[in-house]
Amino acid sequence: MVADSQADGDIQPPEGEGALTPRQSAAAIFSRRLSELIAESMVSTEDGATRSLTLYSLAQHLELAYPDVPVSQSGLYRLVHGEAIPRLDLIIALARVFDVPPEYFVTDDRQG
């Protein structure tokens, strides 16, 4: 189940319209959760340095680790910006990559 994120203000409904639809709410929750994980993640480079995770490197990793789960950099961009809702197989793959339960991406447990 997806919790209601209407009060969090991350995605505002268009002027003159009511509350977020369940689809918009789910996209907002997933977008926020994925963005937080990406922002917190660092990757090692070939020369031993570390840098922030990019959508490109995440897409490459997913492609190598889960070849049966179709994903692209542009697809990840749409997810991060709340323009799309992921398939269940991608949620599971992302949960494994970031070592979180799949429910992490679909529940909003923030308090006020």
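For the structure, check the block above.
My aim in this report is to walk through the structure given alongside it, one point at a time. (Residues numbered from 1 in each chain as written. Predicted model: local features only at pLDDT ≥ 70, side-chain atom pairs only at ≥ 80, totals over all residues. Heavy atoms only, no water.)

**Describing the pattern of salt bridges**
Now for step 1: Taken as a whole and judged by the stated rule, the model has 1 salt bridge.
Now for step 2: We note a salt bridge from D89 to R87, for which the minimum N-O separation is 3.0 Å.
Now for step 3: With a relative accessible area of 30%, D89 lands in the partly exposed category. (Salt bridge = Lys/Arg side-chain N within 4 Å of Asp/Glu carboxyl O. Buried < 20%, exposed > 50% of the residue type's maximum accessible area, 1.4 Å probe, protein only.)

**Some points on helix α1 (residues 22-40)**
Now for step 1: With 19 residues, α1 should reach 27 Å at 1.5 Å per residue; the first-to-last C-alpha distance of 27 Å fits that figure.
Now for step 2: For α1, the secondary structure elements touched by its buried residues are α2 (55-65), α3 (73-80) and α4 (88-98). (Helix = DSSP H or I, 4+ residues; strand = E, 2+ residues; numbered from the N terminus. Expected span 1.5 Å × (residues − 1). Contact = heavy atoms within 4.5 Å.)

**What to know about the nonpolar core**
Now for step 1: L34, L94, F98 and F105 are the most contacted members of the largest nonpolar core, which has 24 residues in total.
Now for step 2: Among the secondary structure elements, those contributing two or more residues to this core are α1, α2, α3 and α4.
Now for step 3: Residue contacts for F105: discarding those within four places in its chain leaves I29, F30, R33, L34, L37, I91, L94, A95, F98 and V100. (Core = buried A, V, L, I, M, F, W, Y, C linked by side-chain atoms within 4.5 Å.)

**A word on the environment of S35**
Now for step 1: Within the secondary structure, S35 is located in helix α1.
Now for step 2: Linking S35 and Y77, residues 42 residues apart in sequence, is a C-alpha distance of 10.0 Å.

Worth remembering: the numbers are spatial, not functional.
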